[in-house]
Amino acid sequence: MAKNLLIVESPAKAKTIEGYLGKDFTVKSSYGHIRDLIKSEDAIDINNNFSQKYEVPADKKQVVSELKKLAKEADFVWLASDEDREGEAISWHLYDTLSLKEVNTRRIVFHEITKPAILRAIENPRKIDYNLVNAQQARRVLDRLVGFELSPVLWKKVKPSLSAGRVQSVAVRLIVDREREINKFQSEAAYKITAIFDKGKNSFKADLAERFSKQEDAEKFLQDCIKAIFEIRSLETKPAKRSPAAPFTTSTLQQEASRKLGFSVSRTMTVAQKLYEAGNITYMRTDSVNLSDTAIDAARAEIVTAYGDKYYQKRTYKTKSAGAQEAHEAIRPTYFDKHTIEGDSSEKRLYELIWKRAIASQMSEAQFEKTVAKISISTRKEELTANGEVMKFDGFLKVYLESADDDDEDDNNSLDNDNAILPPLSKGQLLDLQEMTAVQRFSRPPARYTEASLVKKLEELGIGRPSTYAPTISTIQNRGYVVKEEREGKQRAYEVLTLSNSNITRETKTETTGAERGKLSPTDIGAVVNDFLVQYFNGIVDFHFTANVEKEFDEIAQGLKDWTEMIRTFYAPFHKDVESTIQTADKATGERELGVHPENGKKVSVRIGRYGPFVQVGESNTDNENEEKPLYASLRTGQSIETITLEEALELFKLPKAVGEFEGKVMKVAIGRFGPYISHNGAFVSLPKEIDPLDVTEEQAIELINAKRKKDAEKLIKTFDEDPTVKVLNGRWGPYIEFGKQNVKIPKDKDPASLTFEECKALADAAEKAPKKSGRKFAKKK
DNA sequence: CAGTGAGCGAGCTTCCGCTTGACTT
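Residues numbered from 1 in each chain as written. Chains lettered and ligands numbered in written order. Predicted model: local features only at pLDDT ≥ 70, side-chain atom pairs only at ≥ 80, totals over all residues. Heavy atoms only, no water.

Colleague: Can you help me understand the overall build of chain A in this one?
Modeller: Within chain A, the secondary structure is distributed over 20 helices and 31 strands. Reported as C-alpha extents along the three principal axes, the dimensions of chain A are approximately 95 × 85 × 65 Å. Taking all 782 residues of chain A together, the buried fraction comes to 45%. Carbon and sulfur atoms make up 48% of the accessible area of chain A, which totals about 42,500 Å². A distance of 3 Å separates the average location of the 122 positive side-chain charges in chain A from that of its 123 negative side-chain charges. (Helix = DSSP H or I, 4+ residues; strand = E, 2+ residues; numbered from the N terminus. Buried < 20%, exposed > 50% of the residue type's maximum accessible area, 1.4 Å probe, protein only. Areas by Shrake-Rupley, 256 points an atom, 1.4 Å probe, with all protein chains shown as cover. Lys, Arg positive; Asp, Glu negative; His and termini not counted. Charge placed at Lys NZ, Arg CZ, Asp CG, Glu CD.)

Structure, rendered in C-alpha cells:
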C-alpha cells in the first residue's frame with residue numbers, strides 16, 4: 001500500500017500527477033466539493049452565528065467512503081485542491097469529513113500541472129488556511145440566504161417555482177435593460193459620402209467624415225463636386241503595430257468559440273472537457289492568462305522551428321478581470337508540438353483555436369504602415385480622407401487573429417476602409433474623380449447579448465466564476481426568464497445618390513436589417529421578475545453588489561474581518577426588506593392598459609397569468625352579475641406585454657378560426673405553444689412560417705394535412721392489427737415504438753421490421769418499469 | 001401541447017460553486 005494519499009479536485013488531474021510521483025503516492029480525486037449545505041431552510045442558524053449544517057450529497061457518498069478508506073491506510077494525506085477560496089474549503093471539508101489528523105495531513109498547492117511544480121509543492125506543505133475557508137463560508141452562506149429568501153418572495157408575489165440569486169438575477173437584468181434600450185432606440189438616417197478616384201489598379205476610395213442628415217444637403221454636396229478640383233493636401237505615413245491577445249481563459253475561449261466556430265457556451269465547455277480528459281489541453285475552467293515556464297519554453301521551440309527567430313517574442317500577461325483567483329494556468333495545449341489531435345471535428349476545431357491562440361500569444365507583433373491622405377475639394381470646405389494600410393511584417397498574424405463582436409464593428413464611423421492599399425500618391429497631386437456616392441445609412445440600436453457576450457459582461461462585473469458561466473446561462477433560460485431566438489430581419493428601403501460622368505442619379509435600394517441568430521432576449525416573466533427585484537431589492541440586483549461583497553470576502557480571507565460579522569451586517573437589513581416586501585408589495589403581473597375596444601368600448605389590457613402573458617377585454621371583477629365575462633387570448637411567441645399594440649392584441653381574438661372542411665371534418669387554425677397549427681380530426685399540423693395563420697385557405701390547409709400524412713407514412717415501419725395505435729417508426733435517433741403516449745427506443749440487436757406486437761408490448765412494459773433516471777430536471781406535473 | 005385566467009389550500013419549488021457522467025424522441 002502506498003504511504004501517501006494525495007487528493008486533487010479533478011480525476012484527469014489525478015491521473016497526470018500520479019504519473020509524476022511514482023509508487024509511493026496514490027493520487028485520487030474528490031470530484032469537486034464533497035459536502036454542501038443541507039437542502040432545507042434550516043441549513044443556516046441565523047440566531048447562532050450563522051452556523052451551518054452540511055451533508056454529503058447522495059452522488060458523493062461513494063467518493064467519500066473510498067477516500068476515507070484510503071486515508072485510514074495512508075501514512076500521510078496530502079490535500080491538493082486548488083489554491084483559491086473554494087479549493088481551500090474543499091480541503092477543509094475533506095479534513096473534517098474524512099476525520100483526518102493534523103499530524104499526518106499536509107495542505108499543498110500548485111498553479112500548474114508540471115512535474116517541477118508538483119515536486120516543489122510537496123516540499124512546501126502548509127496548514128489549512130482558515131481565513132480563506134471562512135471567506136468561502138461567507139460566500140456560500142450569503143448566496144444561500146439571498147437565494148432562499150428572495151425566491152419564496154417571488155413565489156408569493158409573482159409565480160411559483162421562480163428563482164432569484166446574486167448571479168442569475170443580474171444576468172437577467174442586463175438582458176432586460178438591453179432590450180429596453182433597443183425598444184427605446186430611434187434610428188437616425190444620414191448620408192455617407194464615398195468617392196472613388198483614378199482608374200484601374202491605381203483606383204482607391206476616400207470618404208467624408210461628416211454625414212448629411214438631409215438628402216438635399218447630400219445632393220448639394222455631389223452637385224458641388226461635379227466641377228470641383230480634387231487635390232491631395234497632405235499625406236502622412238506612420239508605422240503602426242498590433243499585438244497578440246493573451247492565451248485563453250474560460251470566458252475568452254467561450255467568446256471566441258462562439259464568434260469563430262458558432263459554438264454555444266455549453267458546447268464549448270463540453271468539447272473542452274473532452275480535450276482535457278484526453279490530455280490535450282490544460283484545465284478549461286480558469287480565469288488566469290498565465291503560462292508556465294515550461295509552456296513558454298515549448299511555445300518558443302515550436303515558433304522558432306516553424307517560423308524562425310524573428311517571430312518569437314516572450315510575453316507575460318496580466319489578468320484584467322476583477323475577481324480573478326488564478327488557481328490554474330491559462331488554457332493551452334499540453335504539448336505545443338502536437339498540431340492536430342484525434343477526435344471529432346468539433347474537438348479538432350476547438351483544439352486548433354486553442355493551439356493558435358496560445359502560440360500567437362508568444363509571437364512578435366505585426367507591423368504596419370498606415371497612410372492617411374487628406375483630399376481638398378475646390379468648391380467645398382470639407383475634406384475627404386483616404387486611409388491605407390500595408391502590412392510590413394505579419395508576426396503573430398501568421399497564425400491567429402482575434403475576431404470582434406457584432407457591436408464592436410461600427411459602421412457609423414468613417415474608418416471602415418482602413419485596410420485598403422493605396423497606390424503611390426504625392427502631396428499636391430490632382431485626382432480624377434470616377435464616382436461619388438451618397439448612401440443613406442441608419443444608426444443601429446445596441447446589439448442584444450449573445451451567450452458569449454453576456455459571459456464577457458458578467459466577467460467584467462466580476463459576477464460568476466469560470467465553472468458557472470455556462471450553468472448560469474442555462475438557468476436563466478430554463479426558468480423562462482430569457483430566450484435565445486432567431487429573429488427574421490425586416491426589409492428597409494434606403495436611398496443611394498450616385499455622381500458619375502457629371503450626372504447625378506437617384507436610386508432606392510432595399511436591405512435586410514435586424515436579422516439575428518442566437519441572441520438573448522427577455523420574456524415577459526423575466527421582465528416582470530426583474531422589475532419586481534429592482535423595485536424592492538435594488539441592493540441585491542445592483543451591478544456592483546458582487547464586487548462590493550467580494551472586497552469583504554477578500555478582507556475575511558486576509559484575516560482582517562470576521563465573517564459572521566460581515567454576514568450579520570448584510571443580513572439584518574436584507575431580511576427586513578424581505579419581511580416588509582411580503583407584507584406590503586402587490587402581486588406583480590406587469591399589467592398594462594392598451595386602451596379601449598373600438599367596437600364595445602371595453603377596457604383592453606395585457607398581463608401575465610398562470611399560463612403566461614395574455615390579453616383581456618373587459619373588467620374581471622364585476623360586481624354586477626349581469627355584466628359579461630371578460631374575453632382572454634394568449635400572446636404569441638415573440639410578442640411581449642411591454643411592446644404589443646392595441647391592434648395586435650385585438651388580432652389575437654380572430655383565432656382559432658375554422659378554415660373549411662376536409663373528409664367531413666372541420667379544419668381549425670389556432671396558435672399553440674409551438675406556433676400556429678391546423679387541427680383536423682384529432683391530428684395537428686404546424687403551419688410553415690411563411691403562411692399567415694389569419695389567411696389560410698381551405699386548399700392550403702388540405703394540402704398541408706396531406707403533406708404531413710405523407711411524411712408520417714415515410715417514417716412508419718409497421719403497425720399491428722392487435723392495436724392500430726401502436727406504431728414502429730423511424731426517428732431522428734433511430735427506430736422507436738410509439739406505444740400510447742410512450743416512446744420506446746428499439747435496442748440495436750432487434751430488427752424493427754420483424755418485431756411482433758408482443759415484443760413491442762414487452763419493450764414498452766420494461767421501459768415503464770425501468771427506474772426513471774434523473775438526468776433531466778423537467779419533472780412533468782400531473 | 002392543442003386554448004386555460006374564481007378562490008382556497010396542501011405540498012412543492014429556490015441559491016452559487018467545485019466536479020463528472022447520464023441523458024437526450
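Colleague: Please clarify how the pairing of strand 1 (residues 4–8) should be interpreted in this entry.
Modeller: On any regular strand, side chains alternate: one points to one face of the sheet, the next to the other face. Within strand 1, 5 of the 5 residues are buried, leaving the element largely enclosed by the surrounding structure. Because side chains alternate across strand 1, one face comprises the buried residues N4, L6 and V8, and the other comprises L5 and I7, equally buried. In this structure, strand 1 lies alongside strand 7 (residues 76–79), joined through 4 bridges in parallel fashion. Across the sheet, residue L5 finds its bridge partner in strand 7, namely V77. Traced from strand 1 through helix 1 (residues 11–21) to strand 2 (residues 25–29), the parallel crossover comes out right-handed. (Pairing = 2+ DSSP bridges. Right-handed = clockwise from strand over helix to strand, strands pointing away.)

Colleague: Any chance you could explain the sheet that holds strand 8 (residues 105–107) here in plain terms?
Modeller: Strands belonging to one sheet form pairs held by backbone hydrogen bonds; the direction of such a pair is parallel or antiparallel. Read from one edge to the other, the open sheet built from 4 strands follows the order 2-1-7-8, with strand pairing classed as parallel. Two strands lie at the open edges of the sheet, namely strand 2 and strand 8, each paired on one side alone. The average angle at which neighbouring strand axes cross in this sheet is 20°, direction not considered. Along the sheet face, helix 2 (residues 61–73) touches strand 1, strand 2 and strand 7 and points at about 160° away from the line of strand 2. (Axes fitted to C-alpha atoms, helices over the stretch in contact; angles between N-to-C directions. Contact = heavy atoms within 4.5 Å.)

Colleague: Is there a simple way to explain the sheet that holds strand 20 (residues 592–596) in this structure?
Modeller: Spatially, 4 strands are ordered 20-21-22-23 in an open sheet, and the strand pairing comes out antiparallel. Since the sheet does not close on itself, it has two edges, and those belong to strand 20 and strand 23 (631–634), each with one partner. Neighbour to neighbour, the strand axes of the sheet diverge by 25° on average, direction disregarded.

Colleague: I'm lost on the domain arrangement of chain A in this one. Help?
Modeller: Size of an interface, as often reported, equals the accessible area lost when the parts are brought together. Taken domain by domain, chain A comprises domain 1 (4–128), domain 2 (250–364), domain 3 (592–653), domain 4 (655–716) and domain 5 (720–769). Here domain 1 and domain 4 have C-alpha centroids that lie 60 Å from each other. (Domains from an automatic or database assignment.)

Colleague: Just to check I follow, could you spell out the pattern of salt bridges for this structure?
Modeller: Tallied over the full model, the rule gives 51 salt bridges. Across the salt bridge formed by R180 and D531, the nearest N and O atoms sit 2.9 Å from each other. Remark: D531 occurs in helix 14 (residues 524–536) and R180 occurs in helix 6 (residues 168–184); sequence separation between them is 351 residues. The exposure class assigned to D531 is partly exposed, which follows from its relative accessible area of 33%. Across the pair E256 and R259 runs a salt bridge whose closest N-O atoms are separated by 2.7 Å. With E256 and R259 both in helix 8 (residues 250–261), this residue pair falls 3 residues apart, about one helical turn. Its relative accessible area of 0% is what places E256 among the buried residues. (Salt bridge = Lys/Arg side-chain N within 4 Å of Asp/Glu carboxyl O.)

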